[in-house]
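Tertiary structure, described
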Amino acid sequence: GLRNWNSLFNETDFKLTDGIPRSKLFKSLSIRKTEELVAYGLAGDDKAPSLENFAGEHLEAAEYHKAMAEPNTVIIDVRNAYESAIGNFKPPPGGAKLIDPKMRNSIEFPKWLNDPQTQEKLNGKKVLMYCTGGIRCERATALLNQMSTVNPNLKPKGVYELRGGIERYIKSYPNGGYWNGKNYLFDRRMEQIPLNGEMVSSGDQDQGPRIATTPHAKCCLCRQPWSIYRGKFKCCQSLCGVPVIVCKSCESKALENPQKLTCELCKEGYKAPEVMPDLVGFKRKAESLVKHQGSDGKNSSNEQEPSSKKKKKHSTEGNISPSSAKQVCEDRLFLARLPLTVTVTKLGEAFGGKDKIKLVHWLTDKKTGAFYGSCIVEMISSKAAQKVLDSANSGGIKIDKKRIKVSMANVEKRNDSKQKEPWSPMPNFVQKEFPPIGKI
């Protein structure tokens, strides 16, 4: 019906699932516009990789299944580590190698791709990516292709994604195929297994081994095998807070001593890469190369001339060069979808205390001066900001019963020789408890 109504939906990948108990169904349907479905930190036209120019090649379930058996191939699980803990692909011997980015949240993915050790693993390899339903892979493959276009140290041999994600693969392979474990879901179903997932005997050779019923995940307290996330238990470690597995026998202990709950990454002391790539610079260079590629046989160094000339032109005009016009500030957060009843005090309550907030800059309409539901918050430290971001990504943050959107702020430097730090308040800045209502 939607395709007949508007050609915009011709390429939309619709999924239908029947036979779900009423208790597992969504209560209602809501539609809203959002800058970024998954918080990779790629929101905005200046950073988001172009799907038209850089999206990975889609592989249907059968094609992806065949590719997993190929040598010189790597598979990247684009999901969070706590999702991978209860299920992932297990390629056949001699086939692809599975790589787990060990992400606590999706915003760590660009940093992981930017790490030299990661790039070494991907160089010269055929790269396969997968996620729950295929949404995250759209951005992830495009980001990798965009970065590899301009980075000589990152040159994979093709980037591919599983069309429809794990959800469609295990429907296509009811015996499990190369899938091992459960598919973590964010709806009321909680998890998904292949249709014949309870069967342990070997399957057909062309489908690979059937899924094993024994979970490879463990309870974070007693360490017995367990693969069910229930009770909304979270890791107690500072700046983490990801979901953890607690078995039925340990539920009372977890409620009494939540400070003892620790995720697998924190148990092993894992620290994610910290250096964020220059997403704005990469995008501009990559799109410039694509635009001029093959136009007159120039080599890569010559193809970058238009970009460098453009920067030079900016500098002679006294403006800030594109690569430094905006930057991610780790102690500042951009908030959206705020209720009009929000106040600085309510933000403090939601962020663990008003003392964690240094200042709040309410964003207003240029014409009316009215608040439209967004603001920039400067926290007392980058750790405090990251803690809020992690909390928003894991369980969500609500103000007056409305879930808000939280992301790292990209702030623009003022063209002011006295300005040493990006986005510090103007001299006449006065902190207001309530957002302005504008002209009446």
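Values in this document were obtained by computation on a predicted structure and should not be read as measured data.

Reading the values: rules and limits
Residues numbered from 1 in each chain as written. Predicted model: local features only at pLDDT ≥ 70, side-chain atom pairs only at ≥ 80, totals over all residues. Heavy atoms only, no water. Helix = DSSP H or I, 4+ residues; strand = E, 2+ residues; numbered from the N terminus. Buried < 20%, exposed > 50% of the residue type's maximum accessible area, 1.4 Å probe, protein only. Contact = heavy atoms within 4.5 Å. Pairing = 2+ DSSP bridges. Axes fitted to C-alpha atoms, helices over the stretch in contact; angles between N-to-C directions. Parallel < 35°, antiparallel > 145°, perpendicular 65-115°, else oblique. Nonpolar A, V, L, I, M, F, W, Y, C, P; charged D, E, K, R; others polar. Phe/Tyr/Trp six-rings, centres within 6.5 Å; stacked < 30°, edge-to-face > 60°. Lys NZ or Arg CZ within 6 Å of the ring centre and 35° of its normal. Patch = residues over 30% accessible without salt bridge, like charges linked within 9 Å, V, L, I, M, F, W, Y side chains within 5 Å. Areas by Shrake-Rupley, 256 points an atom, 1.4 Å probe, with all protein chains shown as cover. Salt bridge = Lys/Arg side-chain N within 4 Å of Asp/Glu carboxyl O. Lys, Arg positive; Asp, Glu negative; His and termini not counted. Charge placed at Lys NZ, Arg CZ, Asp CG, Glu CD. pLDDT = per-residue confidence, 0-100. Polar contact = N/O pair within 3.5 Å; in protein donor to acceptor, adjacent residues only side chain to side chain. Disulfide = S-S within 2.5 Å. Core = buried A, V, L, I, M, F, W, Y, C linked by side-chain atoms within 4.5 Å.

1. Re the overall build of the chain
- Along the chain, the regular secondary structure elements total 16 helices and 15 strands.
- The burial tally for the chain puts 44% of its 440 residues in the buried class.
- Once local pairs closer than 6 in sequence are excluded, the contacts in the chain between residues at least 24 apart make up 69%.

2. Considerations on the pairing of strand β12 (residues 371-379)
- Within β12, eight of the nine residues are buried, which leaves it mostly tucked inside the rest of the structure.
- Note: strand β11 (residues 357-364) against β12, six bridges, orientation antiparallel. Its bridge partner lying in β12, Thr364 is registered against Phe371.

3. Observations concerning the packing of helix α7 (residues 135-150) against helix α11 (residues 279-292)
- Where α7 contacts α11, the axes come no closer than 8 Å and their chain directions differ by 75°. Overall, the two elements α7 and α11 adopt an arrangement that is roughly perpendicular. Residues Leu143, Gln146, Met147, Thr149 and Val150 of α7 lie in contact with α11, whose contacting residues are Leu279, Phe282, Lys283, Lys285, Ala286 and Leu289.
- Residue composition of the contact of α7 with α11, by class: seven nonpolar, two polar and two charged.

4. Remarks on the packing of aromatic side chains
- Counted by the stated rule, this structure contains 11 aromatic pairs.
- Plain terms: the ring middles of Phe89 and Tyr169 are 4.8 Å apart, the flat faces sit at 90° to each other, and that makes the pair edge-to-face. A residue pair is termed long-range when its members are at least 10 positions apart, and Phe89 in strand β3 (residues 87-89) and Tyr169 in helix α8 (residues 165-172) qualify at 80 residues. Tyr169 matches Phe89 in its accessibility class, with the two residues each being buried.
- With centroids separated by 6.3 Å and ring planes inclined at 90°, the aromatic side chains of Tyr130 and Trp179 adopt a geometry described as edge-to-face. Separated by 49 residues along the polypeptide, Tyr130 in strand β5 (residues 126-130) and Trp179 in strand β7 (residues 179-181) bring together distant segments of the chain. For the pair Tyr130 and Trp179, one class covers both residues: buried.
- Through successive ring pairs, a cluster of aromatic residues spans Tyr64, Phe89, Tyr130, Tyr169, Tyr173 and Trp179.
- Its end group placed over the ring of Tyr160, Lys126 keeps NZ or CZ at 5.0 Å from the ring centre.

5. Considerations on the sheet that holds strand β1 (residues 57-59)
- Spatially, β1-β6-β5-β2-β4 is the arrangement adopted by the five strands of the open sheet, whose pairing is parallel. A single partner strand is all that each edge strand has here, and the edge strands are β1 and β4 (97-99). Sheet twist, expressed as the average angle between the axes of neighbouring strands with direction ignored, equals 30°.
- Across three bridges, strand β2 (residues 73-77) lies against β4 in parallel orientation. Each residue of the ladder has a partner; that of Ile75, found in β4, is Leu98.

6. Focus on a positive patch on the surface
- The grouping of Arg32, Lys232, Lys398, Lys402 and Arg403 at the surface amounts to a positive patch.
- Following the sequence through the fold, Lys232 ends up in the loop between β9 (191-192) and α9 (251-256).

7. Description of the confidence of the model for the chain
- Overall, the predicted model of the chain reaches an average pLDDT of 80, with 82% of residues at or above 70.
- In this model residues 198-215 is a low-confidence stretch, pLDDT under 50, and it forms 39 contacts with partners more than four residues away in sequence or in other chains.
- Across residues 296-325, confidence stays below pLDDT 50; counting only partners more than four residues off in sequence or on other chains, it has 31 contacts.

8. Considerations on a nonpolar patch on the surface
- Side chains of Leu2, Trp5 and Phe14 sit close together on the surface and give an oily, nonpolar patch of about 360 Å² of accessible area.
- With respect to the helices, strands and loops of the structure, Trp5 is situated in helix α1 (residues 2-5).

9. Examining the side chain of Arg136
- Residue position: Arg136 is located in helix α7.
- The class for Arg136 is buried, based on a relative accessible area of 8%.
- Here Glu83 takes part through its side chain, which lies 2.9 Å from a polar atom of the side chain of Arg136.
- Ignoring anything within four residues of it in the chain, the contact list for Arg136 reads Val38, Tyr40, Val78, Arg79, Asn80, Glu83, Ser106, Cys131 and Phe186.

10. Quick look at the state of the cysteines
- In the structure shown here, the tally under the stated rule is zero disulfides.
- No disulfide involves Cys235; its sulfur sits 3.7 Å from that of Cys240, the nearest cysteine.
- On the basis of relative accessible area, Cys235 is assigned to the buried category, the value being 6%.
- Of all cysteine sulfurs in the structure, the one in Cys263 sits closest to Cys266, which takes part in no disulfide; the separation is 3.6 Å.

11. Remarks on the pairing of β5
- Most of β5 sits inside the fold, with five of its five residues counted as buried.
- Along β5, one buried face is formed by Lys126, Leu128 and Tyr130 and the opposite face, lined by Val127 and Met129, is buried too.
- Where β5 meets strand β6 (residues 159-162), three bridges bridge the pair, whose relative direction is parallel. Within β6, the residue paired with Val127 across the bridge is Val159.

12. Here we look at the nonpolar core
- Counting 29 residues, the largest nonpolar core has Phe109, Leu122 and Met129 as its most contacted members.
- Mapped by element, the contributors of at least two residues to this core are β2, α5 (109-114), β5, α7 and α11.
- Here the element with the most residues in this core is α7; it accounts for seven residues.
- Sequence-distant contacts of Leu122, that is, excluding residues within four places in its chain, are made with Val74, Ile76, Ile99, Leu113, Val127, Leu144, Leu154, Lys155 and Pro156.
- Formed by 25 residues, the second largest nonpolar core is a distinct cluster that contains Val360, Trp362, Ala385 and Ile397.

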